[in-house]
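Spelled out, the chains give:
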Amino acid sequence: MKKSLLIFFLSFFGLLFSQTEKDLYGKWGGIDAGSYGSFTFFDDGYVKVQLNGLDIDGRHHVIPDGPNKGKVAHVKYTTDFSKKIIKFSLVASYNDFNNKLEESKFLSGLIKFINENEFLLFFDFENENPEDIDSTSPNVIKLHKEKSL
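Values in this document were obtained by computation on a predicted structure and should not be read as measured data.

Draft legend 1. Just the pattern of salt bridges, in detail. One pass over the full model with this rule turns up four salt bridges. Residue Lys-87 pairs with Glu-131 through a salt bridge whose shortest N-O separation is 3.8 Å. Note that Lys-87 is positioned in strand S7 (residues 86-95) and Glu-131 in the loop between strand S9 (118-123) and strand S10 (140-147), a separation of 44 residues in sequence. Among the residues examined, Lys-87 registers a relative accessible area of 35% and is labelled partly exposed. Between Asp-132 and Lys-112 there is a salt bridge, with its nearest N and O atoms 3.7 Å apart. Residue Asp-132 is located in the loop between S9 and S10, and its partner Lys-112 is located in strand S8 (residues 101-115); the two are separated by 20 residues in the primary sequence.

Here is the structure:
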């Protein structure tokens, strides 16, 4: 009886605290290197990023410099919620000079929910593909839910 009850409670609380992509939807904000930053994850896969002077509206982002300066890009996120530590990528797409669609994954990392209103976001700038997040890493920002969508 005790074993059955324990299994029931573990299963129940495991389901209660498991995250889905819907839990990510909304505006999340936090402090990075002393400055406020935010990520807004939309249910259609687009993302809006405001961080350290970077302002990307994923639905309509005008590329500010480089060889594609002035082109309109779209930025979407992809996630893998199959594990407790969630892998994510930001993917930009735009039409090149021959009007051919180009896609480029320009940032990836990990998401680890602390609770339903907070998560750690790790940026994998070195493309090391870690399995877990070191909360002391300078590439981690703690985000708090500011607005649901």
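Back to the write-up after that little detour.
Draft legend 2. Geometry of the layout of surface pockets. If you add up the space inside the largest pocket, you get close to 220 Å³. What lines the largest pocket is a set of 13 residues, among which His-61, Ile-63, Ala-73, Ala-92 and Phe-106 lie closest to the centre. Listing elements by their share of the lining of the largest pocket, those giving two or more residues are strand S4 (54-57), strand S6 (72-80), S7 and S8. Each residue belonging to the lining of the largest pocket can be placed in one class, and the counts come to nine nonpolar, three polar and one charged.

Conventions we followed
Residues numbered from 1 in each chain as written. Predicted model: local features only at pLDDT ≥ 70, side-chain atom pairs only at ≥ 80, totals over all residues. Heavy atoms only, no water. Salt bridge = Lys/Arg side-chain N within 4 Å of Asp/Glu carboxyl O. Helix = DSSP H or I, 4+ residues; strand = E, 2+ residues; numbered from the N terminus. Buried < 20%, exposed > 50% of the residue type's maximum accessible area, 1.4 Å probe, protein only. 1 Å grid on protein atoms, 1.4 Å probe; cavity = no way out; pocket = protein on both sides within 12 Å on 5 of 7 lines; lining within 4 Å. Points joined across faces, edges and corners; volume = space filled by probe spheres on them. Nonpolar A, V, L, I, M, F, W, Y, C, P; charged D, E, K, R; others polar.

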